[in-house]
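Residues per chain, in single letters:
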Amino acid sequence: MAETDAKSGYCSETKIFHSLRKPLDLPPEDIPLTVSSYALSLQPNNPIVNPTAMIDCATKRSISYSEFIRQVDSLSFHLHSVVGIKKGDVAFLLCSNSVKVPIIYFSLMSLGVVLSPSNPMSTEAEILRQLNLCNPVVAFAVSSASAKLPNLKFGTIVVDSPDFDSVLATEAGEIDRVEVSQSAVAAIMYSSGTTGRVKGVMVTHRNMIANTASFYQHRSERRSSAPAVALGTVPYFHIFGFFAMLRAVAVSDCVVVMERFDLRSMMRAVDEFKVTHLTVVPPVVVAMVKGDAAAGCDLSSLETLGVGAAPLGKDVVAAFKTKFPHVVLGQGYGLTESTGPVTRAVGPEEGLYWGSAGRLVGSCEVKIIDIESGVALGPNQPGELWIKGPILMKGYLGDAEATAATLTPDGWLKTGDVCYVDEEGYFYVVDRLKELIKYKGYQVAPAELEQLLQSHPEISDAAVIPYPDEVAGEIPMAFVVRQPHSSINEAHVMEFVATQVSPYKKVRKVAFVNSIPKSPAGKILRKTLRESIASHSKL
Ligand SMILES: CC(C)(COP(=O)(O)OP(=O)(O)OC[C@H]1O[C@@H](n2cnc3c(N)ncnc32)[C@H](O)[C@@H]1OP(=O)(O)O)[C@@H](O)C(=O)NCCC(=O)NCCSC(=O)/C=C/c1ccc(O)cc1
């Protein structure tokens, strides 16, 4: 029988790293169960319950958990019995964070309706690509984004409207609910995966149940016995924010909801609502350690800062520890394709491993694959991270080719990230194989911007790469070959892209070159461009 090293979780015979945490306590797979019912079913077992479910940071209006559930039921009744939406239908969302979004998510999931959220700042062309993928019957949108949607079978429900408020205020009637199996798709989330074009990640109820169970496993690890209050600056339309919200409901935390991030308002909210847990991306940590946005705010309630979605430099961690010594900073690593965290640091001890993304979540396994040879490696050797476990997506919607390129026939997901695992089972993400830019934790696909640039009549060729940026982590930088006699400048190129993409995808730096390095097969050698930038900045 193959021996697993108790410290690292590594089995030298199978070359698999196993989780060092307790296996997840999951419900039997064959019983019908939605993740919304599962999350709410966990609440009575929580040692500390916050009776307040949500607080709107701007208006300071709050709702209790009983009111939250009542509004979820009212909306479910309306969607099912008045509008006529059925299990398996898809609902598209263009909503900024608000107290109403968790109500909509819980209602749709409880009905077995597949929710598909997107950034309300997306352009019409970006939205159209997503609509063509998910084929929704209805949309929910903030009024500022609703005009970007075409007519759908059941129309668009404007969430910041008196009509929607009255739906939430109406008493629910009885619903004849149908069973939803755990293997059913709960959400379609957008990701560019390891290559350029946008893909719809099919996340099942079972995937989300597993990730919720993973957080629930550690619910008692608190410093104080005061009811927990979570504030997330991360948007609910990506898996990180979606999960932060689902986790908070399962462990009965109160969630402080900020519609739009503002550092000073966030600091004030920590003080005012005695926030115990913050979920942020690295640019927010950078902003917290710089300047004096916390001046005059009492942040003593803050116990933990959960950071993910992009790498966080060790120097930023050190500066954070100096400035906020009482706060445990826990980094995590996850993907949309893994329904959230694959690894994370839990508690003060694991938070001491600066630069590490923590340890593998329960019931999961990983392999580290040598990039050249394809051979599985042992501790302290960097290679591509492959993962396996109940958190893995079902696949990319309608894209068998991309699914086959990402999920192996024996169930491993190739992440496109280069990692190593140390002898104590801590994960370190050291590089990225996939061609992706992370601007403030958002994915930007270089190929999408290259296609746009190449469509400009005065541009004969273009390539886009990540350029290091202290605040955003990375910014998209374009290398542009002008057509003969063209005199377009940097501002023109940036404006041309900016009018056609979401704000986070904007090209923010341009270099004009004579040619773009390409492989003999014509593939852009982005790595060569990245290396030339790196060697330039060292000069
Ligand atoms: C709070 C941030 C860090 C900063 O916000 P911001 O600076 O106010 O701006 P935005 O990033 O929201 O918007 C981008 C641009 O759009 C502009 N914008 C914006 N809303 C407007 C407007 N309504 N009008 C007009 N202009 C506007 C905004 O001004 C800005 O412009 P610029 O200043 O030029 O960058 C924000 O970028 C943010 O929340 N980023 C997080 C993205 C995110 O959730 N990523 C996760 C993806 S999923 C994933 O990777 C999961 C990993 C994971 C890892 C570990 C785990 O444990 C679990 C999961």
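Here the structure is a predicted model, which is why all the values come from computation and not from measurement.

Undergrad: Just checking my understanding: could you explain the UniProt feature "domain: AMP-dependent synthetase/ligase" (unreviewed entry) in the chain for this structure?
TA: UniProt records the feature "domain: AMP-dependent synthetase/ligase" (unreviewed entry) for residues 52–397 in the present numbering. In residues 52–397, helix accounts for 32% and strand for 24%; the two terminal C-alpha atoms are 37 Å from one another.

Undergrad: I'm lost on the packing of helix H14 (residues 446–454) against helix H15 (residues 490–498) in this one. Help?
TA: The description of two packed helices rests on the angle between their axes and on the distance between the axes. Where H14 contacts H15, the two axes come as close as 10 Å, and the packing angle between them is 115 degrees. Taken as axis vectors, H14 and H15 run roughly perpendicular relative to one another. In this structure, the crossing between H14 and H15 has a hand that is right-handed. Between H14 and H15, the residues in contact are Leu449, Leu452 and Leu453 and Val493, Phe496 and Val497, respectively. The residue inventory of the contact of H14 with H15, partitioned by class, reads 6 nonpolar, no polar and no charged.

Undergrad: Help me understand the site of the ligand in this model?
TA: Near the ligand there are 25 residues, and of these Tyr439, Lys440, Gly441, Pro503 and Arg508 occur at the shortest range. Arg508 is positioned such that a nitrogen or oxygen atom in its side chain is 2.8 Å from an oxygen atom of the ligand. When isolated, the ligand has an accessible area of 1100 Å², and the protein chains bury 77% of it. Secondary structure elements with two or more residues in the shell around the ligand: helix H8 (239–250), strand E15 (328–335), strand E16 (340–344) and strand E24 (437–439). With 3 residues, the single largest contributor to the shell around the ligand is E15. Tallied by class, the residues present in the shell around the ligand amount to 14 nonpolar, 7 polar and 4 charged.

Undergrad: Got a minute to help me understand the domain arrangement of the chain in this structure?
TA: Frequently, the measure chosen for interface size is the accessible area removed from exposure when the parts meet. The domains assigned to the chain are domain 1 (7–23 + 262–434), domain 2 (31–207 + 214–260) and domain 3 (437–537). Summarising the inter-unit geometry, the C-alpha centres of domain 2 and domain 3 are found 35 Å apart. Each side of the interface is counted separately: domain 2 has 13 residues, and domain 3 has 11 residues. Counting each side, the surface lost to burial between domain 2 and domain 3 is near 810 Å², with a carbon and sulfur contribution of 46%. Summed over the shared surface of domain 2 and domain 3, the number is 2 salt bridges. The partner of Glu126 in a salt bridge is Lys505, with the nearest N and O atoms 2.7 Å apart. Across the contact surface, domain 2 and domain 3 share 4 residue pairs in polar contact (both at pLDDT 80 or more).

Undergrad: How should the UniProt feature "domain: AMP-binding enzyme C-terminal" (unreviewed entry) in the chain be read in this particular structure?
TA: Taking the numbering used here, the UniProt-annotated feature "domain: AMP-binding enzyme C-terminal" (unreviewed entry) corresponds to residues 448–523. Its end C-alpha atoms 14 Å apart, residues 448–523 is made of 21% helix and 33% strand.

Undergrad: Help me understand the side chain of Lys100 in this model?
TA: Secondary-structure assignment places Lys100 in helix H3 (residues 100–111). A distance of 2.8 Å separates polar atoms of two side chains, one belonging to Lys100 and the other to Asp165. The residues contacting Lys100, other than those within four sequence positions of it, are Val159, Asp160, Phe164, Asp165 and Leu168.

Reading guide: rules and limits
- Residues numbered from 1 in each chain as written.
- Predicted model: local features only at pLDDT ≥ 70, side-chain atom pairs only at ≥ 80, totals over all residues.
- Heavy atoms only, no water.
- UniProt positions renumbered as here; feature names shortened; annotations may be inferred.
- Helix = DSSP H or I, 4+ residues; strand = E, 2+ residues; numbered from the N terminus.
- Axes fitted to C-alpha atoms, helices over the stretch in contact; angles between N-to-C directions.
- Parallel < 35°, antiparallel > 145°, perpendicular 65-115°, else oblique.
- Left-handed = near helix turned anticlockwise from the far one by under 90°.
- Contact = heavy atoms within 4.5 Å.
- Nonpolar A, V, L, I, M, F, W, Y, C, P; charged D, E, K, R; others polar.
- Near = heavy atom within 4 Å.
- Polar contact = N/O pair within 3.5 Å; in protein donor to acceptor, adjacent residues only side chain to side chain.
- Areas by Shrake-Rupley, 256 points an atom, 1.4 Å probe, with all protein chains shown as cover.
- Domains from an automatic or database assignment.
- Buried area = accessible area lost by both parts, 1.4 Å probe.
- Salt bridge = Lys/Arg side-chain N within 4 Å of Asp/Glu carboxyl O.

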